[in-house]
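# Structural overview for review
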Amino acid sequence: MKQTDILSQRTSFADKLGIPTPLFWGFVGLLFFMIGDGVEAGYLAPYLEEQGISGRDTALLFTIYGVTVSISSWVSGPLSDLWGPKRVMWIGLAIWAVFEVVFLSMGVATNSYSMMLAAYTMRGFGYPLFTYGFLVWIAAATPRHQLGSAAGWFWFAFSGGLPTLGSLFASFAIPVIGEMMTFWSSLVLVLFGGLLALLMTREPTGSRRLAAPGASAGTIFFSSVSILWREPKTFIAMIVRIIDTASEYAFLVIMPTFFTKVIGFSLSQWLQLLSIIFLANILVNLVSGMMADRLGHRSVVAIGGGVGAAVTVLLFYYVPLMFPGNFAIAAAMGALYGATVAAFVPLSGLMPQICPKEKAAALSALGLGAGASTWVGPAVVTWFESWHGIEGIIWIFSGLYLVSALLTITLTISPEARRYMDEAAARGDIAGELAAAEH
C-alpha cells in the first residue's frame, strides 16, 4: 500500500473522530507540550516547601504566575489575529524554554526565591501563547459542525498533559532519576511537542494574519477588550471559564498537604490520584464536546459542569475524610470531580458561534478567563484559608459552580449570529467564512 494511501486512511479516521485532518499533528504536539508543562504540577508546591519556602510564599508564586498566564491568555487572540496563530505558538514555545532554564538553573538549583519568582512569572507568558494560539487556529480552520468535537480534542490534549500524564510521568520518574532531573525532563518534553506541532502542521490558515489587512494593532487589541462590553455574553462566558478550573489550581496548592498529611497518602499516591482525576477529565473532555454537538452546548455546561461540579467538589473533600487511607474511594471521588470539570469544554465551541464575526476576540475573552483561573484559584487559598481552612475553600468553590450554572443559561446564540453562520456556510467553506469575517 502506498504511503499516501495510508495517510489518507489515517486522516479520514481523524475526521471521523472529530479531529480536523489538517491540524492532526498540532493536537499530537499539543499533548506532548502539555505533558512537559504538567510534570511539575503535582509536586512543585511540596518540593518548594521541603526546601524551606513557606506555604504562603508558594501560593504567592503560583498566584503571580497565574497573573502572567492570564495576560498571555488574553493577548494570544489579538496576536493571532495580527501575526497568525503559528507565529504566536513559536513565540510561546521560545518563552517557555528560555525561562524554564532560568527558573531551574538560577532559581530552584540555588534555592533563590526571588529568582524563582521572577523566572516563573515570565515563564507564565509561554504556554498560553502556544496553546491558545492553537485554539484560535482551530476555530479559524474548523467547520462549524465539528467545532464541539474539535474543542473536546483540544482540551483532551491540554488536560491529558497538564496534569494527567505529566503527573503520572513524574510519579514514576522521581524515584528513578530524582526530583531535580524530573524537572529538567519537562523541558525535553515541551520542546519535542512544540516542534512536532509547529513543523508537522502545514494548514495554511494558521500561517497568515487573520485580521483584515487594514486593521491596526491598536484596533485589534482594543476589539479583544471592548468585545466584553460590546458583546456582554463574552464577559459572562469569561466568568464561567474562570470558575471552571479555578478549583483545580487551588487544589494544586492545598490538596498535596491534605492528602499526604491528613488522609495519609504518600507523595507518589497523591501524584497517581492527580493523574486519575485528570484521566477522567480528559475522557469526558471528548464526550462532552461530542454531546454538545448533539444535545446543545449550554445544557452540557450548565448541568454537567456547573451543577455537577458543585456536588463533586464536596464529595472529593468529605468522602476521603470518612475513609482515610483508602486510595480506591479517593480515586473514585476524584474521577467524578475531574469529569464534571470537563463538562465545561463546550464553551470553546460555543464562543465562536455567539460571535462568529470576531472568533479570535471572543476566544481571547475565554482565554482570559482560563488564564485568570490560574491565579484566582491560588488567590482564593491565600485570601480565605485562614477563614475556615480547606473546608471553607471547598464550600466557596461549590457555591461558585452553582453560580456558573445560572450564568451559562444566559449564553444563547442570537438569530443574527445564526443567520451569519448559515450564510457563511452557504458560501462553501471555512476560508470563505473567515474572509467574510474580515470585512
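Residues numbered from 1 in each chain as written. Predicted model: local features only at pLDDT ≥ 70, side-chain atom pairs only at ≥ 80, totals over all residues. Heavy atoms only, no water.

## Thoughts on the confidence of the model for the protein chain
Within the protein chain, residue pLDDT values average 85, and 93% of them lie at 70 or more. Per-element averaging of pLDDT across the protein chain places helix 18 (residues 430-437) at the bottom with 40 and helix 5 (residues 85-108) at the top with 96. Considering only residues more than four positions removed or in separate chains, one finds that residues 1-11, a stretch of pLDDT under 50, has five contacts. (pLDDT = per-residue confidence, 0-100. Helix = DSSP H or I, 4+ residues; strand = E, 2+ residues; numbered from the N terminus. Contact = heavy atoms within 4.5 Å.)

## Description of the pattern of salt bridges
Charged atoms that come close allow side chains of opposite charge to pair. Scanning all chains against the criterion turns up four salt bridges. Two residues, E40 and R123, come together in a salt bridge whose shortest N-O distance is 3.0 Å. Here the residue E40 occupies a position in the loop between helix 2 (24-38) and helix 3 (44-50), and R123 occupies one in helix 6 (residues 113-123), the gap between them amounting to 83 residues. Judged on exposure class, the residue E40 and its partner R123 are both buried. Salt-bridge contacts for D244 lead to R241; the nearest nitrogen and oxygen are separated by 3.3 Å. One end of the pair, D244, and the other, R241, are both in helix 11 (residues 232-262), three residues apart, so they sit about a helical turn from each other. R241 carries the same exposure label as D244, and that label is buried. Each member of the salt-bridge network shares a partner with another, and the members are D37, E40, E100 and R123. (Salt bridge = Lys/Arg side-chain N within 4 Å of Asp/Glu carboxyl O. Buried < 20%, exposed > 50% of the residue type's maximum accessible area, 1.4 Å probe, protein only.)

## Topic: helix 13 (residues 297-322)
Given 3.6 residues to a turn, an α-helix orients residues that are three or four positions apart in the same direction. Compared with an ideal rise of 1.5 Å per residue, which puts 26 residues at 38 Å, helix 13 spans 36 Å between its outermost C-alpha atoms and is within 8% of the ideal. Along helix 13, the sharpest change in direction is near 40 degrees and occurs at A309. (Expected span 1.5 Å × (residues − 1). Bend = angle between axes of the 7 residues up to and from the residue.)

## Quick notes on the nonpolar core
Residues F154 and F259 are the most contacted members of the largest nonpolar core, which totals 120 residues. With residues near it in sequence (within four places) discarded, F259 still touches G264, F265, W270, L273, F316, P320 and A330. (Core = buried A, V, L, I, M, F, W, Y, C linked by side-chain atoms within 4.5 Å.)

## Description of a nonpolar patch on the surface
The grouping of W90, L191, L195, L199 and M200 at the surface amounts to a nonpolar patch, some 420 Å² of accessible area in total. Of the residues forming the nonpolar patch, the biggest block, four residues, is contributed by helix 9 (residues 179-200). One can find L191 in helix 9. Owing to a relative accessible area of 32%, L191 belongs among the partly exposed residues under this scheme. (Patch = residues over 30% accessible without salt bridge, like charges linked within 9 Å, V, L, I, M, F, W, Y side chains within 5 Å. Areas by Shrake-Rupley, 256 points an atom, 1.4 Å probe, with all protein chains shown as cover.)

## Quick look at the packing of aromatic side chains
Under the counting rule described, the total for this entry stands at 33 aromatic pairs. Residues F251 and F316 carry aromatic rings whose centres are separated by 5.8 Å and whose planes lie at 45 degrees to one another, so their mutual orientation is tilted. Here the residue F251 occupies a position in helix 11, and F316 occupies one in helix 13, the gap between them amounting to 65 residues. Neither residue differs from the other here; F251 and F316 are each classed as buried. Every member of this aromatic cluster is reached through a ring pair, and the members are F251, F258, F259, F265, W270, F316, Y317, Y318, F327, Y337, W395 and F397. Between the NZ or CZ atom of R87 and the centre of the ring of W83, over which it lies, the distance is 4.7 Å. (Phe/Tyr/Trp six-rings, centres within 6.5 Å; stacked < 30°, edge-to-face > 60°. Lys NZ or Arg CZ within 6 Å of the ring centre and 35° of its normal.)

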